[in-house]
Amino acid sequence: MAASNQSASAQFLREPELRRGLELLYFGNSHIVRSIDRGLAAQGLGRAHHRALYFMARKPDMTVSELLSLLAITKQSLGRVLNELASRDLVETRPGDRDRRQRLLRLTPAGAAMEAQLFDALREKLAKAYARAGQQAVTGFWTVLEGLIPEQERARVEDLRTNDA
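On a predicted model such as this, the values are computed, not experimentally measured, just so you know. (Residues numbered from 1 in each chain as written. Predicted model: local features only at pLDDT ≥ 70, side-chain atom pairs only at ≥ 80, totals over all residues. Heavy atoms only, no water.)

Enquirer: Talk me through the overall build of the chain; I want residue IDs and the actual numbers.
Expert: Within the chain, the secondary structure is distributed over seven helices and three strands. Seen in sequence order, the chain has helices and strands lined up from the N terminus as α-α-β-α-α-β-β-α-α-α. Projecting the C-alpha coordinates of the chain onto the three principal axes gives extents of approximately 55 × 35 × 30 Å. For the chain, the proportion of its 165 residues judged to be buried stands at 22%. Contacts in the chain between residues far apart in sequence, at least 24 positions, make up 53% of those at least 6 positions apart. (Helix = DSSP H or I, 4+ residues; strand = E, 2+ residues; numbered from the N terminus. Buried < 20%, exposed > 50% of the residue type's maximum accessible area, 1.4 Å probe, protein only. Contact = heavy atoms within 4.5 Å.)

Enquirer: Explain the sheet that holds strand S3 (residues 103-107) to me, using residue names and the numbers behind them.
Expert: The pairing of strands in a sheet happens through backbone hydrogen bonds and is either parallel or antiparallel. Across the sheet, three strands lie side by side as S1-S3-S2; this open sheet has antiparallel pairing. Looking at strand neighbours, the two that pair on one side only are strand S1 (62-63) and strand S2 (91-95), the edges of this open sheet. Sheet topology places S1 next to S3; two bridges connect them, and they run antiparallel. Bridge pairing links Met-62 to Leu-105 in S3. Here helix H2 (residues 47-58) sits on the sheet and contacts S1, S2 and S3; the angle it forms with S3, its principal contact strand, is near 95°. (Pairing = 2+ DSSP bridges. Axes fitted to C-alpha atoms, helices over the stretch in contact; angles between N-to-C directions.)

Enquirer: For the nonpolar core, give the residues involved together with the corresponding values.
Expert: Among the nonpolar cores identified, the biggest contains 25 residues, and Ala-52, Leu-53, Met-56, Leu-67, Leu-85, Leu-90 and Val-91 are the most heavily contacted of them. With residues up to four places along the chain from it excluded, the contact list for Ala-52 reads Leu-67, Leu-71, Val-81 and Leu-85. (Core = buried A, V, L, I, M, F, W, Y, C linked by side-chain atoms within 4.5 Å.)

Enquirer: Give me the UniProt feature "domain: HTH marR-type" (unreviewed entry) in the chain: which residues, what numbers.
Expert: UniProt records the feature "domain: HTH marR-type" (unreviewed entry) for residues 15-150 in the present numbering. Taken as a whole, residues 15-150 contains 74% helix and 9% strand, while its terminal C-alpha atoms sit 22 Å from one another. (UniProt positions renumbered as here; feature names shortened; annotations may be inferred.)

Enquirer: Could you give an account of the packing of aromatic side chains, with specific residues and numbers?
Expert: With the rule as written, the count across this model stands at three aromatic pairs. Relative to Phe-55, the ring of Tyr-54 lies with its centre 5.3 Å away and its plane at 80°, an arrangement referred to as edge-to-face. On the basis of relative accessibility, which here comes to 16%, the residue Phe-55 falls in the buried class. Here the aromatic rings of Tyr-130 and Trp-142 are separated by 6.2 Å at their centres, their planes lie at 65°, and the arrangement is edge-to-face. (Phe/Tyr/Trp six-rings, centres within 6.5 Å; stacked < 30°, edge-to-face > 60°.)

Enquirer: Could you give an account of the environment of Tyr-26, with specific residues and numbers?
Expert: With respect to the element layout, Tyr-26 can be found in helix H1 (residues 15-42). Accessibility expressed as a relative area gives 53% for Tyr-26, which makes it exposed.

Enquirer: Explain the confidence of the model for the chain to me, and be specific about the residues and the numbers.
Expert: Averaged over every residue, the pLDDT of the chain is 90; the share at 70 or more is 96%. Put simply, helix H7 (residues 151-159) is where the chain has its lowest mean pLDDT, 87, and H2 is where it has its highest, 96. (pLDDT = per-residue confidence, 0-100.)

Enquirer: Describe a nonpolar patch on the surface, and please don't skip the residues or the numbers.
Expert: The grouping of Leu-22, Leu-25, Phe-141, Trp-142, Val-144 and Leu-148 at the surface amounts to a nonpolar patch, some 610 Å² of accessible area in total. Elements supplying a minimum of two residues to the nonpolar patch: H1 and helix H6 (135-148). Sorting elements by how many residues they give to the nonpolar patch places H6 first, with four residues. (Patch = residues over 30% accessible without salt bridge, like charges linked within 9 Å, V, L, I, M, F, W, Y side chains within 5 Å. Areas by Shrake-Rupley, 256 points an atom, 1.4 Å probe, with all protein chains shown as cover. Salt bridge = Lys/Arg side-chain N within 4 Å of Asp/Glu carboxyl O.)

Enquirer: Give me the side chain of Glu-115: which residues, what numbers.
Expert: Tracing the backbone shows Glu-115 in helix H5 (residues 109-133). In this structure, Glu-115 is buried with no salt-bridge partner, the nearest side chain bearing the opposite charge being Arg-58 at 7.6 Å. When sequence neighbours within four positions are dropped, the list of residues in contact with Glu-115 reads Leu-53, Tyr-54, Ala-57 and Leu-107. (Lys, Arg positive; Asp, Glu negative; His and termini not counted.)

Enquirer: If you had to explain the packing of helix H3 (residues 64-71) against helix H4 (residues 75-87) to someone new, which residues and values would you point to?
Expert: The contact between H3 and H4 brings their axes to 10 Å, and the two run at 115°. Judged on the interaxial angle alone, H4 and H3 are roughly perpendicular. With respect to the hand of their crossing, H3 and H4 are arranged in right-handed fashion. Within the contact between the two elements, H3 uses Val-64, Leu-67, Leu-68 and Leu-71 and H4 uses Lys-75, Leu-78 and Leu-82. Broken down by class, the residue content of the contact of H3 with H4 amounts to six nonpolar, no polar and one charged. (Parallel < 35°, antiparallel > 145°, perpendicular 65-115°, else oblique. Left-handed = near helix turned anticlockwise from the far one by under 90°. Nonpolar A, V, L, I, M, F, W, Y, C, P; charged D, E, K, R; others polar.)

What follows is the structure, given as structure tokens:
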């Protein structure tokens, strides 16, 4: 049976249902990120670079500490990613307004253009899936995904939406 026609059973908390959900999360994520892998590879960049670009686009002037926390990678890994992006003139840094030791991150026009191009590829796939599922299913999907985020991290995720006005 096609995935779009199969409903979760009334026993959705049983192992087979949970495994199906986990598999769908894995394969859905895998296919959506693969849609931009070729473009990143052509630039000599990887998924960590894309994630950094994405979050800097969502919240300009984010601190390095904030980005480090969002990406949940080591400081050394983030340093490599930021150095690569800066050397390609995709990201710029400036000192913080209140604390000059802080480094605030912002995409350059070239970085914003690259992030927008990558997002367009992702948007197309996600929009098709959303349209196929319908508003109620999308709301349920968001509810499930939000439920996977620990309570103490939800404010940080919500903070990214402040630019959506």
